[in-house]
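So the chains spell out like this:
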Amino acid sequence: MKTNSLRPHESAARYAAGVVLAVVVVRMLPMGGGSKKRSVGSNPVARRRNNLNFLEKFCTLFSICVPSFFSTEAMYLWLLTGLLVIRSMISVYNVRLGALTATHFVSRRWSGLRRCIQEFALLSLPAAVVNAFLKYTQDVVALKMRKNLSTHVNQLFLSNENFYKATQFPPRLDHPERVLTAAVEQYCDQVAKIYCHCIKPCMDVTTYTVSLAKTVGWQGPGIIWMYFVIRHQLGSWLDGMRSGSDLKTTREMLHTDAHKNLLADADEIAINGCAHRDQSVISWLLDSATESTGSKKAHLALVSAMDTLLLKYGASVAGYAVLLSPYLLGMSHVRNKTTTVMIRDYIVILKSLTELNRGIMEMEEGFKMICGVEDSTIKVAELIDSVTDRSRGKYLASPFDDGRADKEPIPEMSEQWLASWRSLSEGIRDKKIRLYVRKAARTSDVTTDNLEFQSVDVQTPDGALLVSNICFAQTVGQNLLITGRHLCGKTAILRTLGDLWSPAKGVILKPPAHDIMYVAEKPHLVFGTLRDQIIYPHTQQDQAVLGVTDVHLAQLLCLTDLRQTILGTWSLNETKNWNEFLSPTQRQCVGLARLYYHLPKWALFDECTSYLSAATEAFAYVTCRKLGISVVTATRSPENVARWHSQVITIERGTCVKHNIRQE
């Protein structure tokens, strides 16, 4: 019986062809999918540069893991390659054996059928052993690579006191212990898996392409590969259509997030009387989500129908075209075939197409794994580069803000511009008051421009006393600092000032609600444009009525975002879910710009500068003083801001200790 076994030089040639095919496909694939912050978008030049950078770092780490062509690790890789070749040859032989078994059965040649079954039984033992040793060899390769890489990195990290330099000298490394352990292990495991999940499918694809060509001629592989190319192109188009449906689904997610943000930022929204703006945003998101539901479902149904037509029925049509192509073309090698031989060819073609398709799918999964190894590769390579630079006495500037005040680019404050903005705000003050949604004032409060507590006891809504006998008087132009340990009642005083909580006793003299603005540690953001975040709760129509231009808004934002990281990245007209895009520092910059826009007489700072550098924090208090905003600050860390206040109240065990300081 002829088994059509592969000769050694043929298997080597096909293996080489498979490796070349893998390299070509990898080169065509866009790398850089492992991390969002390293994404290069659709720019082909930037993507190519990112690919080369990743390839260089990958090769550097791989040369450490496998130091030489004849090293122990290389020998295990050769063993793993040999096992993959054997498994591929066993798979091809099983396809031929299965087709031959079917022909013997149809022809009632029982002796031949018995021999085929015996060969299959004998082949099952080496197949099982090869599969078991493949997993074992893959694990051994990963362990040996990890040992080499860990040894190299640890020796570099522990030499010349580099471990001390990494933690003490800027730029400080971000969690080097995780890179030394988890990232190294992840890289080695992924490389071993990639080797198996890419080489084996490439060999299968090459082998079954050649096998198919021997059975039906080279027009058969040409047809099926043309189908694969068309399927890939149409699949990318269908993925784009699915992503369009996902964009519609995000409106429902935004509707849910709007409710979450409403509850998370309840203090700020309630004190500043902004619930009406959030209600309009939530209503708009609800309408948008419900209106898109019908079109989304119809869109997905169309995509599903085209996907089924392409994958299921398109594959069947392509398979029949491959099967019938030699007969339709009248090729000589199929003219005199008997029914038995045609049945055998049918089974061979069917299984070859199935295995070829599976090989293509496994190649795609393997190439996705290549994109997934980028994150661990970059982490380990950057650690090695950084430690190497430190051992040579070279220290690079950190790309991140290390919080030092002398690094902040303090802008030249234009006294004339601040005076003009203050004058403009005073001129439109009546219009702002009309836009303000009034809240019912407490009957116990007395309206005045100053701020005064007369023997006030602050309690929670359920009657629990927090701070007793609060007495202070603060005039316009002076700042008040409230400090104390965590959960001592600092924010409770601000909530009482904002009419959220009622005092247990005492009299509060304070300005009307529209002259007090609460600035939270994490300012509330709504879905909309960047402009909407600054003028919140006003709308763009309200901004037009007030006569405030986008130039004014940009200048106000530059007064808080000293590095201009916000306007340098986005425009005022850009619409996003800003909770996902702005960092905590940028959110606090937007909160201060919002304060300068509304320009109340009093501002309640509740840790609203905790993420800012010392220079930006000081600049905020100077700007508030020049714009005529008096500040009540509640903070656990008064060291940096005490000099900007004239009076300090320290809360200790439910009582207040008051003392005056000289305000700068």
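See above for the structure.
Overview of the structure. (Residues numbered from 1 in each chain as written. Predicted model: local features only at pLDDT ≥ 70, side-chain atom pairs only at ≥ 80, totals over all residues. Heavy atoms only, no water.)

1. Digging into the packing of aromatic side chains
Aromatic ring pairs are defined here through the distance separating the ring centres and the angle between the ring planes. What the rule picks out here adds up to 14 aromatic pairs. Summarising the aromatic geometry, the rings of Phe 69 and Trp 78 are spaced 5.6 Å apart at their centres and angled 75° between planes, so their arrangement reads as edge-to-face. Plain terms: the ring middles of Trp 570 and Trp 578 are 5.4 Å apart, the flat faces sit at 90° to each other, and that makes the pair edge-to-face. By relative accessible area, Trp 570 is classed as buried at 11%. The ring of Tyr 597 is capped by Lys 432, whose NZ or CZ atom sits 5.4 Å from the centre of that ring. Looking at Lys 576, its charged tip hangs above the ring of Phe 581, at a distance of 4.4 Å from the centre. (Phe/Tyr/Trp six-rings, centres within 6.5 Å; stacked < 30°, edge-to-face > 60°. Buried < 20%, exposed > 50% of the residue type's maximum accessible area, 1.4 Å probe, protein only. Lys NZ or Arg CZ within 6 Å of the ring centre and 35° of its normal.)

2. Description of the side chain of Asn 261
Mapped onto the elements of the fold, Asn 261 is located in helix H7 (residues 219-264). In this structure Asn 261 touches Ile 269, His 524, Leu 525 and Asn 579, once residues within four positions along its chain are discounted. (Helix = DSSP H or I, 4+ residues; strand = E, 2+ residues; numbered from the N terminus. Contact = heavy atoms within 4.5 Å.)

3. Description of the packing of helix H3 (residues 72-106) against helix H4 (residues 110-158)
It is the contact of H3 with H4, at a shortest axis distance of 8 Å, that shows an interaxial angle of 160°. With respect to H4, the axis of H3 lies roughly antiparallel. Taken as a pair, H3 and H4 cross one another with a handedness that is left-handed. Grouping the constituent residues of the contact of H3 with H4 by class yields 24 nonpolar, nine polar and four charged. (Axes fitted to C-alpha atoms, helices over the stretch in contact; angles between N-to-C directions. Parallel < 35°, antiparallel > 145°, perpendicular 65-115°, else oblique. Left-handed = near helix turned anticlockwise from the far one by under 90°. Nonpolar A, V, L, I, M, F, W, Y, C, P; charged D, E, K, R; others polar.)

4. Considerations on a nonpolar patch on the surface
There is a patch of nonpolar side chains on the surface, built from Tyr 320, Leu 324, Tyr 327, Leu 328 and Met 342 and spanning about 530 Å² of accessible area. At four residues, the largest contribution of residues to the nonpolar patch is made by helix H9 (residues 275-328). Along the polypeptide, Met 342 turns up in helix H10 (residues 339-372). (Patch = residues over 30% accessible without salt bridge, like charges linked within 9 Å, V, L, I, M, F, W, Y side chains within 5 Å. Areas by Shrake-Rupley, 256 points an atom, 1.4 Å probe, with all protein chains shown as cover. Salt bridge = Lys/Arg side-chain N within 4 Å of Asp/Glu carboxyl O.)

5. A word on the nonpolar core
Within the largest apolar cluster, 49 residues are counted, with the highest numbers of intra-cluster contacts made by Leu 149, Tyr 187, Ile 224 and Val 380. Of all the elements in the fold, those that place two or more residues in this core are helix H2 (44-65), H3, H4, helix H6 (176-216), H7, H9, H10 and helix H11 (374-391). When residues of this core are assigned to their parent elements, the largest contribution, 15 residues, is made by H6. If you look at the next biggest cluster of nonpolar residues, it comprises 46 residues, including Tyr 596, Tyr 597, Ile 629 and Val 631. (Core = buried A, V, L, I, M, F, W, Y, C linked by side-chain atoms within 4.5 Å.)

6. Remarks on the environment of Glu 268
Structurally, Glu 268 is set in helix H8 (residues 266-272). A relative accessible area of 4% places Glu 268 in the buried class. Distance from Glu 268 to Lys 522, taken between C-alpha atoms, is 9.4 Å for residues 254 residues apart in sequence. If near-sequence neighbours (up to four positions away) are discounted, Glu 268 is found in contact with Tyr 518, Ala 520, Lys 522, Pro 523, His 524 and Arg 594.

7. Topic: unusual backbone geometry
One can expect most non-glycine residues to show negative phi and most peptide bonds to be in trans. Following Tyr 536, the chain continues into Pro 537 via a peptide bond in cis, with omega recorded as 5°. With respect to the helices and strands, the residue Pro 537 is situated in the loop between helix H15 (530-535) and helix H16 (540-546). The backbone of Leu 599 sits at a positive phi, close to 50°, despite the residue not being glycine. For Leu 599, a relative accessible area of 10% corresponds to the buried category. Unusually for a residue other than glycine, Glu 607 sits at a positive phi of about 55°. As for its placement among the helices and strands, Glu 607 is situated in the loop between strand E9 (602-606) and helix H19 (614-626). The class of Glu 607 is buried, set by a relative accessible area of 15%.

8. Description of the side chain of Ser 630
Tracing the backbone shows Ser 630 in strand E10 (residues 630-635). From its side chain, Ser 630 meets the backbone nitrogen of Gly 477 in a polar contact 2.7 Å long. Setting aside anything within four residues of it in sequence, one finds Ser 630 in contact with Thr 475, Val 476, Gly 477, Gln 478, Asn 479, Lys 601, Trp 602 and Ala 603. (Polar contact = N/O pair within 3.5 Å; in protein donor to acceptor, adjacent residues only side chain to side chain.)

9. Some points on the pattern of salt bridges
All told, the structure shown has 14 salt bridges when counted by the stated rule. Two residues, Asp 345 and Lys 337, come together in a salt bridge whose shortest N-O distance is 2.3 Å. Judged by its relative accessible area of 21%, Lys 337 is partly exposed. When salt bridges that share partners are traced, they join Lys 337, Arg 344 and Asp 345 into one network.

10. Some points on the pairing of strand E4 (residues 480-484)
Here E4 lies mainly inside the structure; five of its five residues are buried. Burial along E4 is two-sided: the face carrying Leu 480, Ile 482 and Gly 484 and the face carrying Leu 481 and Thr 483 are both buried. As paired strands, E4 and E10 are joined by four bridges and run parallel to one another. Counterpart to Thr 483 in the pairing with E10 is Thr 635. One ladder, built from five bridges, connects E4 with strand E11 (residues 647-652); its direction is parallel. (Pairing = 2+ DSSP bridges.)

11. Quick look at the environment of Leu 180
The topology assignment puts Leu 180 in helix H6. For Leu 180, a relative accessible area of 15% corresponds to the buried category. As for Leu 180 and Asn 154, which are separated by 26 residues in sequence, their C-alpha atoms are 7.4 Å apart. Leu 180 has contacts with Ser 150, Val 153, Asn 154, Phe 157 and Leu 383, leaving out every residue within four places of it along the chain.

12. Quick word on the packing of H6 against H10
Here H6 crosses H10 at 155°, and the two axes come no closer than 8 Å. Of the possible angle classes, the one that applies to H6 and H10 is roughly antiparallel. The two elements H6 and H10 meet at a crossing, and its hand is left-handed. Considering only residue class, the contact of H6 with H10 consists of 17 nonpolar, nine polar and four charged.

Spatial relationships are all this shows, so hold off on functional conclusions.
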